[in-house]
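The lines below spell out each chain.
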Amino acid sequence: MFCCLRAGRRLCLEKILLQCVLQSRTLSGADAINALRPFYFAVHPDFFGQHPKEREVNENSLKRLNGYLENLQKPGFRSFKPTQLTFYVREREQNSSNVQESFSASGFRAVSFTLHTRDLLSTVLDILNSCSLSTEHIQSLNVNSEPHKEARSTVNRPIKWDKTYYSFTGFKDPEEELEQAQRVETTLISWLDDNEASAVKKLKKSLPLRKELERLKFELSHQLQLSDIRWQRSWGIAHRCSQLHSLGRLVQQRPEVLKNVKGRTVIFTDRSGMSAAGHIMLGTMDVHHHWTKIFERLPNYYKLQKRLLFLEDRISQLLGGIQVIYIEELQPLLTLEEYYKTLDSFYNKLCDSRLPFHPRSLRGLQMILERMMITEKELIDTSTEKFSLDRLYKEPSVSSAQMIDCCKRLLEESLPYLQGMHLCISHFYSVLQDGELCIPWNWKN
């Protein structure tokens, strides 16, 4: 029922970017966030764990930058002080630049620049240019040059990223994926023949880091008495270790704010808050003080969760006893506030419509969906055992029905290539940076 609700595409780089409406030239909130993503990935403190001095400089500079951007959004604010900032930028290529910068042997460079712009668009451009990051993707953004008009939504418009963005993030390049898909149709056997050796090499190389990840995850889960630690996306192993190190530092610095996490699941995702399923969401773009605020708000989230359960029960009564459930695996990650707002709106409509359901006349209908999930899990276990896989999983965008179909067809094949591998069921063929094999759920024989 609520499994297909779709959340707006949001990332929690900074809240102030979500409310971006400028007086003269405007970017939409989503566009502004996307425009600054390469910058945040290049300077985020989590990537400087081995360099405490540079990490501290970036943390302090990010706070000052956030204050500057926040002031830009204040109605009627006119008094702007030029703000000088210094960032250590992770270096992939030694690009020429007109700003003051110096290179180190540690894979990053120091960049200093001064902000004195009075609108968000100019500020975003200054930041990217100062750090020698591409601004080409901004040319295609929807910029409004008329005052007092909101930028139109461009949620469904694809953005053309510079190649350096994928180098920094480790994300997949959609253009390359499209080119792959447009080539001559690939069969599962032929693709495994061509890519098994590469996947094995990458997987072996990643094994020490995988052990480190499991160690960090176990220690933090035990220390905080967490139910689980998970990730919303297939981030690389190094990126995941960096996130756990960051959480570990917060535990050491502010242990008192984590007293309410016992028994909970922590999910590293794109934005901070609490999910509709009651899991603690830690945005990977946020610095420590954002995470601290989330942990401090947990008692309020728990109160909202109780109100949510009461609302689900009221809706169930109006629908003849159908149990209202939220299945996280089948939809984008909703926050607790978003889910409550959706349920509340739906409840009000039900009250107005006065549907003629007899109390409990549809009780037990939930079991249909649960049977599908049980079938999926059984097929995953059977496939993992048959092919001696180390792990078999699917991307969130792959439905249970698609996963069931894929596993049933896999079980009819003989695939010795898969022994000891990590297999991800997706929508395309790919070998990920840590050796995972991705195959489309509708692979061809």
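Quick caveat, the model's predicted, so the values are computed rather than measured. (Residues numbered from 1 in each chain as written. Predicted model: local features only at pLDDT ≥ 70, side-chain atom pairs only at ≥ 80, totals over all residues. Heavy atoms only, no water.)

(A) How the structure looks around the nonpolar core. Core analysis: the biggest nonpolar cluster contains 44 residues, and Phe268, Ile280 and Phe295 have the highest contact counts within it. For this core, the secondary structure elements donating two or more residues are α7 (188–224), β4 (228–231), α8 (237–253), β5 (265–269), β7 (280–283), α9 (288–296), α10 (298–318) and α11 (336–353). Here the element with the most residues in this core is α10; it accounts for 7 residues. With residues up to four places along the chain from it excluded, the contact list for Phe268 reads Ile229, Arg230, Trp231, Gln232, Trp235, Gln243, Leu244, Leu247, Leu282, Thr284 and Trp291. (Core = buried A, V, L, I, M, F, W, Y, C linked by side-chain atoms within 4.5 Å. Buried < 20%, exposed > 50% of the residue type's maximum accessible area, 1.4 Å probe, protein only. Helix = DSSP H or I, 4+ residues; strand = E, 2+ residues; numbered from the N terminus. Contact = heavy atoms within 4.5 Å.)

(B) Region of the structure containing the pairing of β7. What you see with β7 is no split at all: Ile280 and Leu282 on one side and Met281 and Gly283 on the other are buried throughout. Sheet topology note: the β5/β7 ladder contains 4 bridges and is parallel. From the neighbouring strand, Ile267 faces β7, where its bridge partner is Met281. The sheet contact formed by strand β6 (residues 273–274) and β7 spans 2 bridges and is antiparallel. (Pairing = 2+ DSSP bridges.)

(C) Structural detail: the sheet that holds strand β8 (residues 391–394). Spatial strand order, β8-β9-β11-β10: 4 strands in an open sheet with mixed pairing. Whereas interior strands pair on both sides, the edge strands pair on one side only; in this sheet they are β8 and β10 (430–431).

(D) Quick peek at the side chain of Arg109. Tracing the backbone shows Arg109 in strand β3 (residues 108–115). A relative accessible area of 2% means that Arg109 is categorised as buried. Among the polar contacts listed, one links the side chain of Arg109 to the backbone oxygen of Cys131, at a separation of 2.6 Å. (Polar contact = N/O pair within 3.5 Å; in protein donor to acceptor, adjacent residues only side chain to side chain.)

(E) Representation of empty space enclosed by the protein in the model. Scanning the entire structure with this criterion turns up 1 cavity of 30 Å³ or more. Of the pockets and cavities examined, the largest cavity occupies roughly 40 Å³. If you go around the largest cavity, the residues you meet are Tyr40, Phe41, His44, Asp46, Phe47, His239, Gln243, Thr284 and Met285. Those elements that provide at least two residues to the lining of the largest cavity are α2 (29–43) and α8. Here the residues of the lining of the largest cavity are counted per class, giving 4 nonpolar, 4 polar and 1 charged. (1 Å grid on protein atoms, 1.4 Å probe; cavity = no way out; pocket = protein on both sides within 12 Å on 5 of 7 lines; lining within 4 Å. Points joined across faces, edges and corners; volume = space filled by probe spheres on them. Nonpolar A, V, L, I, M, F, W, Y, C, P; charged D, E, K, R; others polar.)

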